[in-house]
Amino acid sequence: MALTNRPRTVSGYGTAAGTGTLAVLLLVGVGGSPAYVGWVQGHTDPDGAGGWFLRLLAWPAWRLHSDDPAQGVFATDLRAVLMVILAAVLLYLLPASQVARVQGSVSQFFSGWAAYALAGGFTGLLAALLGPDGSLLAAFQAASTGATYGLFAGWIVGTASLGGRA
């Protein structure tokens, strides 16, 4: 009898954590790209709400080369790498038990959003501590900026997490 009771799967949809991770890759890949960072610095007003938000999306900036040979590429891209890794881990860990009970609910949205906000804060903290010239004050300030980034950009990841399997 147990052989006929197969678990129900939703075809065409991935997991909530998988679609959220894809959104993270797109946010960091596009928002942190050198082309976007250059465009947003030259074409937006930092004193307006729209310009501030567009500039905030460029926070996990990455580069293909380092201007400072002593730092290397990894040191300059540490924030972007940590953002993707921590967000993916938190997306898989946070919603598992809660969201599994209520498929396709608003809790998936808030779990994805919270995972991205936490990942932003932890990313800022770790990148400042592990990077060159790391101090505790700089780490706290970077964690604040990362958490702000996660709060204002996390709704995108939360929306991507909606509707997937837990």
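Keep in mind that what you see is a predicted model, and the values were worked out from it rather than measured.

**A closer look at the overall build of the protein**
For step 1, the next point in the chain: Helix and strand counts for the protein come out as eight helices and zero strands.
For step 2, the next point in the chain: Shown N-terminal to C-terminal, the secondary structure of the protein runs as helices and strands in the order α-α-α-α-α-α-α-α.

**A short note on the environment of V37**
For step 1, the next point in the chain: Note that V37 resides in helix α2 (residues 34-43).
For step 2, the next point in the chain: Here the alpha-carbon distance between V37 and R55, two residues 18 residues apart in the chain, equals 7.7 Å.
For step 3, the next point in the chain: Once residues within four sequence positions are removed from consideration, V37 is found in contact with G31, G32, A58 and A61.

**Let's talk about the nonpolar core**
For step 1, the next point in the chain: Ranked by internal contacts, the top residues of the largest apolar core, which has 25 residues, are V24, V28, M83, Y116, Y149 and V157.
For step 2, the next point in the chain: At the level of elements, α1 (16-31), α2, α5 (78-93), α7 (106-130) and α8 (136-161) are the ones that each hand at least two residues to this core.
For step 3, the next point in the chain: Ranked by the residues each element gives to this core, the list is headed by α5, at seven residues.

The rules behind each value
- Residue indices begin from 1 for each chain and proceed along its sequence in written order.
- Restriction of local features to residues with pLDDT of at least 70 applies here, the model being predicted, together with a cutoff of 80 or more for giving and counting side-chain atom pairs; totals for whole chains, interfaces and linings are based on all residues.
- As a convention, hydrogens and water are excluded, and side-chain values are obtained from all of the structure's heavy atoms.
- The numbering of helices and of strands both runs from the N terminus, where a helix is a DSSP run of H or I of at least 4 residues and a strand a run of E of at least 2.
- Contact criterion: two residues are considered in contact whenever any of their non-hydrogen atoms come within 4.5 Å of each other.
- Residues belong to one nonpolar core when they are buried, are Ala, Val, Leu, Ile, Met, Phe, Trp, Tyr or Cys, and are joined through side-chain atoms within 4.5 Å.
- A simple rule labels every residue: compare its accessible area, found with a 1.4 Å probe on the protein chains alone, to the largest value its type can have, and call it buried under 20%, exposed over 50%, or partly exposed in between.

Don't take any of this as a statement about function, it's just geometry.
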